Structures are given as structure tokens and as C-alpha cells.
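# An overview of the molecular structure
For reference, the chains in residue letters:
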Amino acid sequence: MEYALDRFVREAHAVVASANLVDEHLIELVTPKPNIPADLAFPTFRAAKEVGIAPPQLAQRIVEKAQIPAGSLIGSVVATGPFVNFSLSAPGLAAAVLDEVERLGERYGSDDQGTGKTIVIDYSSPNVAKTMHVGHIRSTIIGQSLYHIFNFLGYHVIGDNHLGDWGKQFGMNIAAIVRWGKPEGDDEDAIAALDKLYARYSALVKEDEALRAEAARWAKRLEQNDPEALAKREWIAELQARAAQPNHDDEARAWSLKLEQGDPLARELWQWMVDLTIKANQRNYDRLGVRFDYVLGESFYAPMLDALIEEAIEKGVAYRDEDGAVVVDELAPGLPTFLLQRSDSGTLYHTRDLACIVYREREFRPVKIIYVVDTRQELHFRQLFALARAMGYARDIELIHVKFGTIFDQQGRPLSTRAGNIVYLADLLDEAHARARAVVDQASPDLSDEEKEAIAEAVGIGAVIYNDLYQDPRRDIRLDWERMLAIEGNSAPYIQYMHARCCSILRKAAEEGVVARHGDATILTHPSETAVIKQLAKLPGAVREAGERYAPFVIAEWCYETARALSAFYRDCSVLRAETPALRAARLRLVAATAQGLRNGLALLGIKAPERM
RNA sequence: GCGGGCGUAGCUCAGUGGAUAGAGCAGCGGUCUUCUAAACCGUUGGUCGGGCGUUCGAGUCGCCCCGCCCGCGCCA
């Protein structure tokens, strides 16, 4: 699709080309820094070298030969040293952009580049039988935003919540339930109880590990004829005997195997946990505006695994070692080996993820599969992608791991039940809501309680979402409530507030019976007006860039810049008390368009835009 | 040891080969009888971790160091 700025770039390109001084392939246009009074620039350095004249001379000659066609969006072309600087025609841009926004409405900024193509996004993917905590928020929020962005770019997007509902962790859960009994209570309570059981069981596993490690240490000292060890011979033998007994880890692994093999009790407990978790998570998803097209957990792929393991062996990318484990050796230089099957015949997550790729390829024929997963799993995905390719799968699919950093507590420690520093997602959202509510109560006491609640929810949740989307997600982050729930400065509430101000103006205009529809946009030439219009014009490009970079923060940045531009306009240009009725009408169109643009941008982030705050 | 990531203002971060490196927070000083003060204005604050190189031009690309984080076959 060609938007106003696309046309501007095309026209500028044509102007340079038509001077017949430089080759097409040497024409690269760049966006100047904000302090340069231009909207597009052609740096002539490389072309000048090719042509054999000094850059400033070349720039000068291009400008001399430049012919701006009638109706062009180019307002002026000047040579500034070695640069050819193009400026937009403010009236022309205003007319074009407002027209586009009004014509496309909530589709303004969308594109058709993805038409007919499918993208699968794998996001959120919490573990079953665990309460969702802040650690799950990043994948959920980034994934949902990417869903909106690619959808807006015209792709058919499939969102899949790849639940962690299989594997040894369920062996642990089941073993714990068998040992200590099935928790009672409602969904959330039962899951909280399961969290505790799991922690209790892992502690035992850790103890076992310590025991085996100690036994091994003494065995080694014994081998080396260490005097102390020799003296404690009997005690060591007893220690080794204890360590050699099947322990909690073995028990868990056995239960996970039983689960895979369809043991009725294991299946029943597993199903109970899955249902429980899906129900409990739904409330978080509803609050965050997160929706999935599929919820296919790891268990879904279980029936495919045996055949795939055989296939991997037949194709020579894997082999069964002497213990019976199926091993995949270096698929590429420096890529560590990994397993597809345990020596006790249980499967592993690589196996299930491989099956998942095969399934998605067959069912959805996507052009991309995007995994929104913690950066710590980088190696896993490199191995997985290499394996899929080595087996001949996903030849025409781009496999993409969108990585993000880990959340640590304020002291920089990992979040863990043992450290007791877990922050649950629901608690975070509640706190965000409460803080926003306090501000609403103070700022807008006249609103109904119902309206205040809705605003507090939109603003509080918006703040949380924005906090995860406003920057490049690769860095690790420290849990900081003040920052996560920020409602000032570069934050969702600021953007929402500017949107609400637009709505307020439009509401008052409607009350006064002012009609905006036929306002002449070409009279919007005040610098603050032009700045807002230029921002609006940038949305389509921001959406494309966000897609190319898998980076919602590009949209967040656009929203913030737009809100700031609106703020300056709000300060400099009165709408309802504009100097003339024509100006008032034109500004009303601009305000309506800005509100629309902000709504669209926020929607791509998954953030609501209340009309009042 | 090998692999990945990060390092830009006191703090959190933009800056994807171009012109004088930008925001927010925090600090300091101002602005509500005027379309919502969740706002606005002014101001303080930088050896872009260090070095060498490539280039007309490097925060950005390459190499080498330094620091921090993460990962590396029977967990996910």
C-alpha cells in the first residue's frame, strides 16, 4: 500500500533520478535528524565519488535541475552542503494524511504486504499446574502485540498457546499428589496448593541429588585410598546403598513415563490439572486482552513422537546410543548434541517441539513461525531449527525466535518459590488497577463508580503492558513496581491521557454543534499542527518496521512521540477557540485523526484507549 | 572451555553507516478563573566500557581486550 510518506519518498527519488547525474542504485534516501530542517535527505558522498565531482557541487547541481511536479508532496528541495534536503509541503501533507486517516479509520496504518500468507505465533505458553507470575507476562504481552501487528500487516495470524503440559514436571506433580493427596478448593486455590506440592517435592529431589553427590565424592576418595575414607568404609557403603535406591527423581521420571504411556491414574490427574489451569489463566488473559486461536499443549504432539524419532534415526540425523537414548550429534559446527529420547524411553521437549513444527507446517502452511520465548532458550531453538531443517522440514518457513530477557527481583536474584520472591501476575494487575483508581478518584471525582473502575482497569493494565513493550526486550529487567506501574512520562497513561483529551475536545465540539467534516486541511500550517500531521503520517511506516524487527516498541515509540506532538499542539493551538471557523473545523479534523491514530497504535500494543480519564 | 546477549546522562532506555548523540525518571526553578496539571515550560547532567582498524564519515561495521548476565545430552 502506498501512504502519503511513501509517495513523498517516491517523488523525492524521482527528482534525484530525473537530474540524470547519478545512477538509480546510488540513490539512497535517509531521514535526517530532528535538528535538520528537512524531512528526507540524499547524502551525495558515494554518488559524488562515482561521478567524480565534489559532494556539495553534486548536491547543488541536482537541486538546480530538480523539477517538482504539480501536486507533489515535496514542498522544497535545497542543497545543504553535501546533502540534498527535501521538505514536505505542509498543506499537501495535511490534506493527504487527514484524508487517509478518515478513509481508513481503525484500519489506518494497516498494510496488505501479508495478504494470502499465514504466520504462526507461539506465545505465553505457561506451565500447567502453576500460578501465572510476572515471568509469564513478557511472552504473553509481546506475543499478543506481534499478533496484532502482523494481522494489521495483512497476514493471517494464528496464535497458539503452547502450554507446558507434558514432560517430567508432570511426573513430579503426579508423584507429589500420590504422596500427599490431591489439593481441594477452587481453581486458583488448587493451583496454589499444587505450586506448594511441587516446591516440596523439588526440595526432596534436591536432597537426593546432594546425597548422590556426596556418595560419589566419598567413592572417589575411597578409590584414591584416602585415609579418612578408608576409615569410614562401612559408613560409605551404607551411604552408597542409600544413594543407589530409586529416589524422588526416579519416581517422578517413572510417573512421567506412565503418563506418556497412558496410565489411567496419571492421565486423570493430568487432565484435572490441565482443566484447572486453563480456567484459572483465563482471567489473566481476559484482563490483558489476550486471545489465542489454538491452545495446543505439548501433550497434543505426543502421538507423533515415536514415528518422528524413528524418522530421525532413519534419516541419519540421530542414533540410539548404548544406553538406549536417542542422540542428535553436532548438526552444525559448535552446536552441542542433544537428546530426542531418554534412555528410559521417555521423550523430551526437543522431540515435542519438532513434532510441533511438523504439525504446523502440515496444517497451516505458514511463511513464518514466531516463538516468543525467553532468551535463555536460545540454544534450544538453534538446535531445534537445525534439526527440523536437517530432517527436511520447514524448508519454506522462516523460523524465528523472538527473545526477551529475564525478570529478576529488585536485588537481581532470579524469581523462585524457594527465594519466596515470586510476584503473581494477578497481584501485579490488581496493584496496577488500585494505583490507577486512586488517580482517577482524585482527577475525575464526577464520574460514576462503574466508569472509574473501567478507566482504572484500562489505565492500570495499560501501564503494565506498556512497560513491557516500550523498549527492546532483549535486556534482563529488574522488578521495580514504581517503574512497571508508572503513569507519568513515557507511559501508557500519558498516551491514553492525550487520547482522552482529544476525545474531550471532540465531545465539546459536538455539544456546541460544530461540524468538522468539511474543514480544509490545507490551512493547517502552524508548526505544531504540522508536527502532529507528520507524526500521523509515520504510523504506516512504524507498523512495517515493527513487523520487520519483531519489535512492538517501535509502535510504542510512535505512540509516545505522537502524544507529545499532540501535547504541543494542545498548548499552542486552541481548537474550540480557533481564530476562524474554518481553522476550528480543520483543527477538529486533526484532533479526530490524532485520536484515531493513537487508538490504532495503542490497539496494536493491546492497550485500551478510554475516552475519559 | 565453547556459544549467546548486554555495556550510551545518577537511574531506565531510544538512536539498524550520515549533519550539533536524544527521551523519560530522579534533581532544581516556574505554570491551573483559559479545550482535563496523568499535563506544560525552563534548567542541571555524556571520555557512547577501553583500544586498534575499515570508511569521505563509526554510538552504529570488523578484530582484540574489560565488566556483567545467560546457556551448554537423559528438566522445560
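Our subject is the structure that appears above.
Just so you know, these numbers come straight off a predicted model, no measurement behind them. (Residues numbered from 1 in each chain as written. Chains lettered and ligands numbered in written order. Predicted model: local features only at pLDDT ≥ 70, side-chain atom pairs only at ≥ 80, totals over all residues. Heavy atoms only, no water.)

Secondary structure summary: chain A contains 21 helices and 12 strands in total. Projected onto the principal axes, the alpha-carbon positions of chain A cover approximately 100 × 70 × 50 Å. Within chain A, residue pairs in contact and separated by at least 24 positions form 74% of the contacts whose partners lie at least 6 positions apart. For chain A, the exposed surface amounts to about 28300 Å²; the carbon and sulfur share of it is 50%. The distance from the centre of the 71 positive side-chain charges to the centre of the 88 negative ones in chain A is 3 Å. (Helix = DSSP H or I, 4+ residues; strand = E, 2+ residues; numbered from the N terminus. Contact = heavy atoms within 4.5 Å. Areas by Shrake-Rupley, 256 points an atom, 1.4 Å probe, with all protein chains shown as cover. Lys, Arg positive; Asp, Glu negative; His and termini not counted. Charge placed at Lys NZ, Arg CZ, Asp CG, Glu CD.)

Around RNA strand B, 70 residues are found, and the nearest of them are Leu339, Tyr349, Tyr497, Arg549 and Glu557. Counting only the atoms of RNA strand B within 4 Å of the protein, the fraction contributed by sugar and phosphate is 62%. Here Arg382 contributes a side-chain N or O atom positioned 3.0 Å from a sugar or linking oxygen of RNA strand B. Here a phosphate oxygen of RNA strand B and a backbone polar atom of Gly489 are 3.1 Å apart. Ranked by residue count, the leading element in the surface near RNA strand B is helix 18 (residues 492-511), at 9 residues. Residue classes in the surface near RNA strand B are distributed as 31 nonpolar, 13 polar and 26 charged. (Near = heavy atom within 4 Å. Polar contact = N/O pair within 3.5 Å; in protein donor to acceptor, adjacent residues only side chain to side chain. Nonpolar A, V, L, I, M, F, W, Y, C, P; charged D, E, K, R; others polar.)

On to helix 13 (residues 349-364). Its 16 residues place the ends of helix 13 21 Å apart at the C-alpha level, agreeing with the 22 Å of an ideal helix rising 1.5 Å per residue. Of all 16 residues that make up helix 13, 13 are buried, and the element is covered over most of its length. Following helix 13 by one or two positions, Arg365 adopts a phi angle in the positive range, close to 45°. (Expected span 1.5 Å × (residues − 1). Buried < 20%, exposed > 50% of the residue type's maximum accessible area, 1.4 Å probe, protein only.)

We now examine the packing of aromatic side chains. Using the criterion set out here, one finds 19 aromatic pairs in the structure. On the basis of an interplanar angle of 85° and a centroid distance of 5.6 Å, the ring pair of Tyr3 and Tyr108 is categorised as edge-to-face. Of this pair, Tyr3 sits in the segment before helix 1 (4-18) while Tyr108 sits in the loop between helix 4 (90-104) and strand 4 (118-122), and the two are 105 residues apart along the sequence. An aromatic cluster is defined as three or more aromatic residues linked by ring pairs; in this entry it consists of Tyr294, Phe300, Tyr301, Tyr359 and Phe364. Above the ring of Trp180, the side-chain terminus of Arg200 is found at 3.9 Å from the ring centroid. (Phe/Tyr/Trp six-rings, centres within 6.5 Å; stacked < 30°, edge-to-face > 60°. Lys NZ or Arg CZ within 6 Å of the ring centre and 35° of its normal.)

Here we come to the sheet that holds strand 10 (residues 398-404). Within the open sheet, the 4 strands sit side by side as 5-4-9-10. Their pairing is parallel. In this open sheet, the two strands that pair with only one neighbour each are strand 5 (156-160) and strand 10. Pairwise comparison of adjacent strand axes, ignoring direction, gives a mean angle of 20° for this sheet. Packed on one face of the sheet, helix 5 (residues 137-152) meets strand 4, strand 5, strand 9 (368-374) and strand 10 and runs near 155° to strand 9. (Pairing = 2+ DSSP bridges. Axes fitted to C-alpha atoms, helices over the stretch in contact; angles between N-to-C directions.)

Turning our eyes to something else, we now look at the pairing of strand 4. Residues in a regular strand point their side chains to alternate faces of the sheet. Of all 5 residues in strand 4, 5 are buried; the element is thus mostly enclosed. The two faces of strand 4 match: Thr118, Val120 and Asp122 on one face and Ile119 and Ile121 on the other face are all buried. Pairing geometry for strand 4 and strand 5, over 5 bridges, is parallel. Across the sheet, residue Thr118 finds its bridge partner in strand 5, namely His156.

Within the structure shown, the criterion is met by 45 salt bridges. Arg221 is the salt-bridge partner of Asp226, the closest N and O atoms lying 3.3 Å from each other. Among the ionic pairs, Glu378 bridges to Arg382, the shortest N-O distance being 3.2 Å. Of the two residues, Glu378 and Arg382 both sit in helix 14 (residues 378-390), 4 residues apart, roughly one turn of that helix. The partly exposed category is assigned to Arg382, whose relative accessible area is 40%. Through salt bridges with shared partners, a single network forms among Lys168, Arg212, Asp249, Asp250 and Arg253. (Salt bridge = Lys/Arg side-chain N within 4 Å of Asp/Glu carboxyl O.)

Turning our attention to the sheet that holds strand 2 (residues 74-80). Taken in spatial order, the 3 strands of this open sheet run 1-3-2, and their pairing is antiparallel. Sheet topology places strand 1 (40-43) and strand 2 at the edges, where each strand pairs with a single neighbour. Ignoring strand direction, the axes of neighbouring strands in this sheet form an average angle of 15°. Pairing between strand 1 and strand 3 (residues 83-88): 4 bridges, direction antiparallel. Counted as the bridge partner of Leu40 is Phe86 from strand 3. With respect to the sheet, helix 3 (residues 55-65) is in contact with strand 1, strand 2 and strand 3, its orientation differing from that of strand 2 by roughly 150°.

Turning our attention to the packing of helix 5 against helix 21 (residues 581-605). It is the contact of helix 5 with helix 21, at a shortest axis distance of 6 Å, that shows an interaxial angle of 125°. Overall, the two elements helix 5 and helix 21 adopt an arrangement that is oblique. Contacts between helix 5 and helix 21 involve Ser145, His148, Ile149 and Phe152 from the first element and Ala603, Leu604 and Leu605 from the second. Classifying every residue of the contact of helix 5 with helix 21 by side-chain character gives 5 nonpolar, 2 polar and no charged. (Parallel < 35°, antiparallel > 145°, perpendicular 65-115°, else oblique.)

Within the structure shown, the criterion is met by 0 disulfides. As a non-bridged cysteine, Cys503 has Cys502 as the owner of its nearest cysteine sulfur, 6.7 Å distant. Here Cys503 falls in the buried class, since its relative accessible area comes to 7%. Free of any disulfide, Cys559 has its nearest neighbouring cysteine sulfur in Cys502, separated by 12 Å. (Disulfide = S-S within 2.5 Å.)

Here the focus is the nonpolar core. Membership of the largest hydrophobic core comes to 120 residues, with the highest contact counts inside it found for Phe86, Ile121, Phe150 and Ile370. Core analysis: the second largest hydrophobic core is formed by 35 residues, Val326, Cys356, Ile369 and Leu384 among them. (Core = buried A, V, L, I, M, F, W, Y, C linked by side-chain atoms within 4.5 Å.)

This paragraph deals with helix 18. The end-to-end C-alpha separation of helix 18 is 28 Å, in line with the 28 Å expected for 20 residues at 1.5 Å each. Residues of helix 18 that are buried: Ala492, Pro493, Tyr494, Ile495, Gln496, Met498, His499, Ala500, Cys502, Cys503, Ile505 and Ala509. Packing partners of the buried residues in helix 18 comprise helix 16 (449-469), helix 20 (552-572) and helix 21. Remark: Gly513 follows helix 18 within two positions and exhibits a positive phi of approximately 75°.

A word on unusual backbone geometry. The bulk of non-glycine residues show a negative phi, and the bulk of peptide bonds are trans. For Asn20, which is not a glycine, the phi torsion comes out positive at approximately 55°. Note that Asn20 resides in the loop between helix 1 and strand 1. For Asn20, a relative accessible area of 67% puts it in the exposed group. A positive phi is found at Ser345, a non-glycine position, where the angle reads about 80°. Tracing the backbone shows Ser345 in the loop between strand 8 (338-341) and helix 13.

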